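Examination of the molecular architecture
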Amino acid sequence: MAGNRRYIAEAVKQQWVTMSAQMNSKSIAQLTGSSRRTVNRVLRLSRLTGSVVTKSLESGRPHSLTMHDVTFLVACVERTPDIFLSELQSELREARHVEVSQITIDRTLQRHGYTRKRVSTLG
């Protein structure tokens, strides 16, 4: 049922695992005021993974640029605020030997709080 969940600290779950060496899950549940099902889930997870908490998986494709590449881009923008994406692409290729699209550079800078101006021709 949705809405019945409550947070249980990792330390408490680890304590349940320790207690399970001397007690059964029903006794642990009664003693701690948790449901037997919750205790069983934690104990099973501990047996299977060695951890009492589930690790969320990274979703989506991994970023093409490393933190060193991003630091380099940010330094270029700080040094020359009016630099074009094509110039950043060339700088990255020459200095870091990394080939990425201008869109990748643009999105990376946006994730780090940088916006870009629009270039237009005078009419």
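Everything numeric in this text was worked out from a predicted model, so none of it was measured.

Conventions we followed
- Residues numbered from 1 in each chain as written.
- Predicted model: local features only at pLDDT ≥ 70, side-chain atom pairs only at ≥ 80, totals over all residues.
- Heavy atoms only, no water.
- Helix = DSSP H or I, 4+ residues; strand = E, 2+ residues; numbered from the N terminus.
- Contact = heavy atoms within 4.5 Å.
- Axes fitted to C-alpha atoms, helices over the stretch in contact; angles between N-to-C directions.
- Parallel < 35°, antiparallel > 145°, perpendicular 65-115°, else oblique.
- Nonpolar A, V, L, I, M, F, W, Y, C, P; charged D, E, K, R; others polar.
- pLDDT = per-residue confidence, 0-100.
- Salt bridge = Lys/Arg side-chain N within 4 Å of Asp/Glu carboxyl O.
- Buried < 20%, exposed > 50% of the residue type's maximum accessible area, 1.4 Å probe, protein only.
- Arc of directions from axis to C-beta.

**Details of the overall build of the chain**
- Scanning the chain from N- to C-terminus turns up 6 helices and 0 strands.
- Listing every helix and strand of the chain by position from the N terminus yields α-α-α-α-α-α.
- Of all intrachain contacts in the chain linking residues separated by at least 6 positions in sequence, the fraction that spans at least 24 positions is 42%.

**What about the packing of helix 5 (residues 85-96) against helix 6 (residues 102-111)?**
- Orientation of helix 5 relative to helix 6, taken along the N-to-C sense of each, is 100°, at an axis distance of 9 Å. Considering their axes alone, helix 5 and helix 6 lie roughly perpendicular with respect to each other. For the pair formed by helix 5 and helix 6, the contact residues are Leu85, Ser86, Leu88, Gln89 and Leu92 on the first element and Gln102, Ile105, Asp106 and Leu109 on the second.
- In the contact of helix 5 with helix 6, the residues fall into 5 nonpolar, 3 polar and 1 charged.

**What about the confidence of the model for the chain?**
- Per-residue confidence for the chain gives a mean pLDDT of 88; residues scoring 70 or more make up 89%.
- Helix 6 is the least confidently modelled element of the chain, averaging 92 in pLDDT, while helix 5 averages 95, the highest of any element.

**Things to note about the packing of helix 4 (residues 67-79) against helix 6**
- At their nearest, the axes of helix 4 and helix 6 sit 11 Å apart, and the two run at 80° to each other. In terms of axis orientation, helix 4 runs roughly perpendicular to helix 6. Across the interface between the two elements, Val70, Leu73, Val74 and Val77 from helix 4 touch Ile105, Thr108 and Leu109 from helix 6.
- Grouping the amino acids of the contact of helix 4 with helix 6 by side-chain chemistry returns 6 nonpolar, 1 polar and no charged.

**What about the pattern of salt bridges?**
- Here the structure, examined in full by the defined rule, presents 2 salt bridges.
- A salt bridge links Arg96 to Asp69, with the shortest nitrogen-to-oxygen separation between them at 2.7 Å. On the criterion of sequence distance, the pair formed by Arg96 in helix 5 and Asp69 in helix 4 is long-range, its members being 27 residues apart.

**Some remarks on helix 6**
- All of the buried residues in helix 6 are Ile105, Asp106, Thr108 and Leu109. An end-on view of helix 6 places all buried positions within 165° of arc, on one side of the element.
- Against helix 4 and helix 5 lie the buried residues of helix 6.
- Once helix 6 ends, the next one or two residues include Gly113, with phi positive near 90°.

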